[in-house]
Amino acid sequence: MNAVTSNRSILHLRFDMPPGLDAELPEQLRRLLENITPRVQMIEPDSAALDLTGALPYFHQDARGLTELIQLRVLAYFGVSSAAGAAPSRMLAAMACALTGPGRRLVIEDPRYLFRGPAMGPLASGLGMTVSPLSNG
(Lines give C-alpha, C1' and ligand atoms only; values in the text may rest on other atoms or scores of the structure.)
Protein backbone atom coordinates (compact mmCIF):
# COMPACT_ATOMS: atom_id res chain seq x y z
CA MET A 1 0.00 0.00 0.00
CA ASN A 2 1.52 3.32 -1.01
CA ALA A 3 1.15 6.74 0.63
CA VAL A 4 -1.60 7.81 -1.79
CA THR A 5 -3.91 4.91 -0.96
CA SER A 6 -2.90 4.68 2.69
CA ASN A 7 -5.52 5.16 5.35
CA ARG A 8 -2.98 6.55 7.80
CA SER A 9 -3.65 9.85 9.43
CA ILE A 10 -0.72 11.70 10.97
CA LEU A 11 -1.18 14.94 12.90
CA HIS A 12 1.59 17.48 13.48
CA LEU A 13 0.88 20.12 16.12
CA ARG A 14 2.86 23.29 16.82
CA PHE A 15 1.97 24.90 20.14
CA ASP A 16 2.03 28.65 20.70
CA MET A 17 3.78 28.34 24.07
CA PRO A 18 3.32 31.22 26.51
CA PRO A 19 6.32 33.21 27.72
CA GLY A 20 7.63 32.03 31.08
CA LEU A 21 6.72 28.45 30.21
CA ASP A 22 5.83 26.20 33.15
CA ALA A 23 8.34 23.34 33.16
CA GLU A 24 5.50 20.83 33.58
CA LEU A 25 3.45 22.04 30.57
CA PRO A 26 5.07 19.81 27.90
CA GLU A 27 4.50 16.74 30.08
CA GLN A 28 0.90 17.79 30.75
CA LEU A 29 0.35 18.27 27.01
CA ARG A 30 1.81 14.82 26.30
CA ARG A 31 -0.55 13.21 28.83
CA LEU A 32 -3.55 15.01 27.32
CA LEU A 33 -2.57 13.89 23.81
CA GLU A 34 -2.06 10.31 24.99
CA ASN A 35 -5.72 10.31 26.09
CA ILE A 36 -6.53 10.55 22.36
CA THR A 37 -3.87 8.17 21.00
CA PRO A 38 -0.94 6.36 22.61
CA ARG A 39 1.18 7.10 19.53
CA VAL A 40 2.49 10.53 20.53
CA GLN A 41 5.97 11.92 19.98
CA MET A 42 6.79 15.25 21.57
CA ILE A 43 9.19 17.31 19.45
CA GLU A 44 11.03 19.91 21.46
CA PRO A 45 10.55 22.73 22.12
CA ASP A 46 6.97 23.27 20.94
CA SER A 47 5.63 20.50 18.69
CA ALA A 48 4.14 17.03 18.70
CA ALA A 49 3.47 14.31 16.13
CA LEU A 50 0.52 11.95 16.60
CA ASP A 51 -0.60 8.90 14.66
CA LEU A 52 -4.40 9.24 14.66
CA THR A 53 -5.08 6.17 12.53
CA GLY A 54 -6.39 3.96 15.34
CA ALA A 55 -8.16 6.81 17.15
CA LEU A 56 -10.37 7.86 14.23
CA PRO A 57 -12.82 4.94 14.45
CA TYR A 58 -12.81 5.08 18.27
CA PHE A 59 -13.90 8.73 18.29
CA HIS A 60 -16.15 8.30 15.19
CA GLN A 61 -14.36 11.25 13.56
CA ASP A 62 -12.42 11.98 10.41
CA ALA A 63 -8.97 13.60 10.61
CA ARG A 64 -10.42 17.13 10.50
CA GLY A 65 -12.90 16.46 13.31
CA LEU A 66 -10.38 14.79 15.59
CA THR A 67 -7.80 17.51 14.91
CA GLU A 68 -10.34 20.15 15.92
CA LEU A 69 -11.20 18.20 19.08
CA ILE A 70 -7.52 17.97 20.04
CA GLN A 71 -6.90 21.67 19.40
CA LEU A 72 -9.97 22.63 21.43
CA ARG A 73 -8.93 20.41 24.35
CA VAL A 74 -5.41 21.87 24.40
CA LEU A 75 -6.86 25.38 24.33
CA ALA A 76 -9.50 24.63 26.99
CA TYR A 77 -7.24 22.81 29.43
CA PHE A 78 -4.06 24.87 29.10
CA GLY A 79 -4.95 28.06 27.23
CA VAL A 80 -2.42 27.15 24.54
CA SER A 81 -3.28 27.83 20.91
CA SER A 82 -1.89 25.49 18.27
CA ALA A 83 -1.38 25.14 14.54
CA ALA A 84 -2.15 21.72 13.09
CA GLY A 85 -1.40 19.81 9.92
CA ALA A 86 -2.92 16.40 9.20
CA ALA A 87 -1.96 14.19 6.29
CA PRO A 88 -1.29 10.55 5.30
CA SER A 89 2.45 10.94 6.04
CA ARG A 90 4.63 12.64 8.65
CA MET A 91 6.39 14.76 6.05
CA LEU A 92 3.16 16.15 4.58
CA ALA A 93 1.68 16.70 8.05
CA ALA A 94 4.77 18.68 9.10
CA MET A 95 4.66 20.73 5.88
CA ALA A 96 0.95 21.44 6.36
CA CYS A 97 1.55 22.53 9.94
CA ALA A 98 4.39 24.83 8.88
CA LEU A 99 1.98 26.59 6.49
CA THR A 100 -0.74 27.03 9.11
CA GLY A 101 -1.14 29.81 11.65
CA PRO A 102 -2.08 29.43 15.32
CA GLY A 103 -5.67 28.41 15.87
CA ARG A 104 -6.01 26.92 12.39
CA ARG A 105 -5.60 23.52 10.80
CA LEU A 106 -4.68 22.27 7.35
CA VAL A 107 -5.93 18.78 6.48
CA ILE A 108 -4.51 17.05 3.41
CA GLU A 109 -6.92 14.27 2.57
CA ASP A 110 -5.47 13.22 -0.78
CA PRO A 111 -1.91 14.35 -1.62
CA ARG A 112 -2.39 13.61 -5.33
CA TYR A 113 -4.14 16.99 -5.69
CA LEU A 114 -1.34 19.03 -4.12
CA PHE A 115 1.43 18.94 -6.67
CA ARG A 116 -0.02 19.38 -10.14
CA GLY A 117 2.65 21.57 -11.68
CA PRO A 118 5.31 24.18 -10.95
CA ALA A 119 2.75 26.92 -10.14
CA MET A 120 0.79 24.61 -7.86
CA GLY A 121 1.96 23.38 -4.50
CA PRO A 122 0.98 23.16 -0.85
CA LEU A 123 -0.34 26.73 -0.89
CA ALA A 124 -2.70 26.04 -3.79
CA SER A 125 -6.14 24.98 -2.62
CA GLY A 126 -7.10 21.70 -4.23
CA LEU A 127 -9.70 18.99 -3.88
CA GLY A 128 -7.65 17.09 -1.31
CA MET A 129 -6.94 19.99 1.02
CA THR A 130 -8.99 22.12 3.38
CA VAL A 131 -8.04 24.93 5.71
CA SER A 132 -10.32 25.76 8.58
CA PRO A 133 -10.16 28.14 11.54
CA LEU A 134 -10.43 26.89 15.11
CA SER A 135 -13.65 28.82 15.66
CA ASN A 136 -16.25 30.58 13.58
CA GLY A 137 -15.52 33.92 15.20
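Summary of the structure given here. (Residues numbered from 1 in each chain as written. Predicted model: local features only at pLDDT ≥ 70, side-chain atom pairs only at ≥ 80, totals over all residues. Heavy atoms only, no water.)

### Some thoughts on the overall build of the protein
Part 1: In terms of regular secondary structure, the protein is built from 4 helices and 6 strands.
Part 2: Across the protein, helices and strands are ordered from the amino to the carboxyl terminus as β-α-β-β-α-α-β-α-β-β.
Part 3: Across the 137 residues that make up the protein, the buried fraction comes to 45%.
Part 4: Expressed as a percentage of contacts within the protein between residues at least 6 apart in sequence, the contacts between residues at least 24 apart total 51%.
Part 5: As displayed, the protein offers around 7500 Å² of accessible surface, 55% of which is attributable to carbon and sulfur atoms. (Helix = DSSP H or I, 4+ residues; strand = E, 2+ residues; numbered from the N terminus. Buried < 20%, exposed > 50% of the residue type's maximum accessible area, 1.4 Å probe, protein only. Contact = heavy atoms within 4.5 Å. Areas by Shrake-Rupley, 256 points an atom, 1.4 Å probe, with all protein chains shown as cover.)

### Thoughts on the packing of aromatic side chains
Part 1: One pass over the structure, following the stated rule, counts 2 aromatic pairs.
Part 2: Here the aromatic rings of Tyr58 and Phe59 are separated by 5.2 Å at their centres, their planes lie at 80°, and the arrangement is edge-to-face.
Part 3: Judged by its relative accessible area of 64%, Tyr58 is exposed.
Part 4: With centroids separated by 6.3 Å and ring planes inclined at 45°, the aromatic side chains of Tyr77 and Phe78 adopt a geometry described as tilted.
Part 5: A relative accessible area of 27% places Phe78 in the partly exposed class. (Phe/Tyr/Trp six-rings, centres within 6.5 Å; stacked < 30°, edge-to-face > 60°.)

### A few points about the pattern of salt bridges
Part 1: As enumerated under the stated definition, the model contains 6 salt bridges in all.
Part 2: Close ionic contact of Glu109 with Arg64 constitutes a salt bridge, the shortest N to O distance being 2.4 Å. Of this pair, Glu109 sits in the loop between strand E5 (104–108) and strand E6 (129–133) while Arg64 sits in helix H3 (residues 63–78); the two residues are 45 residues apart in sequence, bridging distant segments of the chain.
Part 3: Residue Glu109 is classed as partly exposed on the basis of its relative accessible area, which comes to 43%.
Part 4: Ionic contacts of the salt-bridge type, sharing partners, join the residues Glu27, Arg30, Arg31 and Glu34 into one network. (Salt bridge = Lys/Arg side-chain N within 4 Å of Asp/Glu carboxyl O.)

### Description of the side chain of Thr67
Part 1: Position of Thr67 relative to the elements: it lies in helix H3.
Part 2: Note on Thr67: relative accessible area 1%, which makes it buried.
Part 3: Here the side chain of Thr67 touches Ala63 through a polar contact of 2.7 Å, landing on its backbone oxygen. (Polar contact = N/O pair within 3.5 Å; in protein donor to acceptor, adjacent residues only side chain to side chain.)

### Quick word on helix H4 (residues 90–98)
Part 1: Considered for burial, the residues of H4 that qualify are Leu92, Ala93, Ala96 and Cys97. Projected down its long axis, H4 carries its buried residues within an arc of 135°, all on one side. For H4, the exposed residues lying more than 90 degrees away from the buried face are Met91 and Ala98.
Part 2: Of the surrounding secondary structure, the elements contacted by the buried residues of H4 are strand E1 (10–15), strand E4 (82–87) and E5. (Arc of directions from axis to C-beta.)

Any link to function would need more than the numbers given here.
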